[in-house]
Each structure stands twice: as C-alpha cells, then as structure tokens.
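# Coordinate inspection notes
Read off the chains here:
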Amino acid sequence: MILYQLQCDGGHAFEAWFRDSAAYDKQSDRGLLACPVCDSEKVSKALMAPRIGRSMGKRDEHPAPTRTDITDSQVMSGAVELRAQLADLRQKIERACDYVGPGFAEEARKIHYGETDPHGIYGETSQEEAKALKDEGIEFGAVPWLPKENA
Ligand SMILES: [Zn+2]
C-alpha cells in the first residue's frame, strides 16, 4: 500500500491509499480520482507523504474513503427499495379494504362470526387483541405501516 498526497486543480490537498503506483495510474487514467472537497477530477500527485511511526497492520483499520461511500449507498438503496414495496403494499390494502381504525379486532370478530357482510378491513389493534383474535382462529396479517409522508 502506498499513501499518495494528492492535489486537485482547485488547490485542495488530500491523501489516498493505493495498492501500488500502478493502481494509482489506472484510477487516475479512468478518472476515478476526485477531490473530496470540490469533486474535481483534475487530480494530480503531490509529494508522497511520509508516515513515520505507523505500522503496516494499522492501515487496514482505515479503509479508503471511496469504499465506505459505496457501502453506504448500497445500504441506502436497499432501504429505499423496501420502502417502495411497503408503500405499494399499503396502497393495495387501502384500495381493497375498509379502514376501521382502532376497532379492527371488533370488526374482524363481526365478520368472522357472520354478524356483518364479509369485507376486507384494515386498522389498528393492540398486541393483546391480536393474540385473542388468533386464539379465536380469526385470520389476519400484520404489515409494517409506514407513515404517509415517507411513502
Ligand atoms: Zn478540490
């Protein structure tokens, strides 16, 4: 691993680790190097920075900033996808079912025991009520419900 002191055309200096000098050349040629301050891709090598008193093993604890960025964005896109799926599910339920609010358990029982015409419902219920419904053999599903502003 080689630590290079780099500099952009805007005069910002920063450091980056490379496997070897060829790795630097490759990334530089492909325009993969960018200034962390101004995003300029016109990056050139400044003087190599001497690192005195730093052992080889310690370097691995500080991965290159680009690797961390990639991991973060992958986690983000996964959450966005899940969010879209849940929002989609919510829309389907809202279209197909009647909202009964906190009276979900009561309404579910009415439907189950034939006191009212069968229809799809959704609403809120407590954990105790949900357990009681299950004990009575009433089928229902629980879905993560995102607040609308996030949907
Ligand atoms: Zn810059």
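Worth saying up front: this structure is predicted, and the values here are computed from it rather than measured. (Residues numbered from 1 in each chain as written. Predicted model: local features only at pLDDT ≥ 70, side-chain atom pairs only at ≥ 80, totals over all residues.)

Side-chain positions along a regular strand alternate between the two faces of the sheet. Pairing of strand S1 (residues 2–8) with strand S2 (residues 13–18), which is carried by 6 bridges, proceeds in the antiparallel orientation. Residue pairing across strands places Tyr4 opposite Ala16, the latter belonging to S2. Following S1, the chain reverses through 4 residues before pairing antiparallel with S2; Gly11 in that reversal takes a positive phi of roughly 90 degrees. (Pairing = 2+ DSSP bridges. Helix = DSSP H or I, 4+ residues; strand = E, 2+ residues; numbered from the N terminus.)

Residues of helix H3 (residues 104–112) that are buried: Phe104, Ala105 and Ala108. Mapping the buried residues of H3 onto a view down its axis gives an arc of 95 degrees, with all of them on the same face. Just downstream of H3, Gly114 is the residue with a positive phi angle, here 75 degrees. (Buried ≥ 20, exposed ≤ 12 C-beta atoms within 10 Å, placed from the backbone. Arc of directions from axis to C-beta.)

Residues of the protein chain with pLDDT of at least 70 account for 74%, and the chain-wide mean is 78. For the protein chain, per-element mean pLDDT is lowest for helix H2 (residues 65–96), which scores 65, and highest for helix H1 (residues 21–29), which scores 90. Segment residues 65–74: pLDDT under 50, and 2 contacts once partners within four positions in sequence are set aside and those in other chains are kept. (pLDDT = per-residue confidence, 0-100. Contact = placed C-beta atoms within 7 Å.)

Counting buried positions over the 9 residues of helix H4 (residues 127–135) gives 0, only a small fraction of the element. Downstream of H4 by a residue or two, Gly137 has a phi angle that is positive, lying close to 80 degrees.

Looking at where Lys42 falls in the secondary structure, it is placed in the loop between H1 and strand S3 (43–45). Each C-alpha atom, one on Lys42 and one on Gln7, is 8.4 Å from the other, the two residues being 35 residues apart in sequence. Those residues within four positions of Lys42 in sequence are excluded, and the remaining contacts are Cys8 and Asp9.

The strands that make up a sheet are held in pairs by hydrogen bonds between backbone atoms, and each pair lies either parallel or antiparallel. Read from one edge of the open sheet, 3 strands run S2-S1-S3, paired in antiparallel fashion. Bordering the open sheet on either side are S2 and S3, each of which pairs with just one other strand. Averaged over all adjacent pairs, the angle separating strand axes in this sheet is 40 degrees, with direction ignored. In this sheet, S3 lies alongside S1 in antiparallel orientation, the contact comprising 3 bridges. Bridge pairing in S3 places Leu6 opposite Lys45. (Axes fitted to C-alpha atoms, helices over the stretch in contact; angles between N-to-C directions.)

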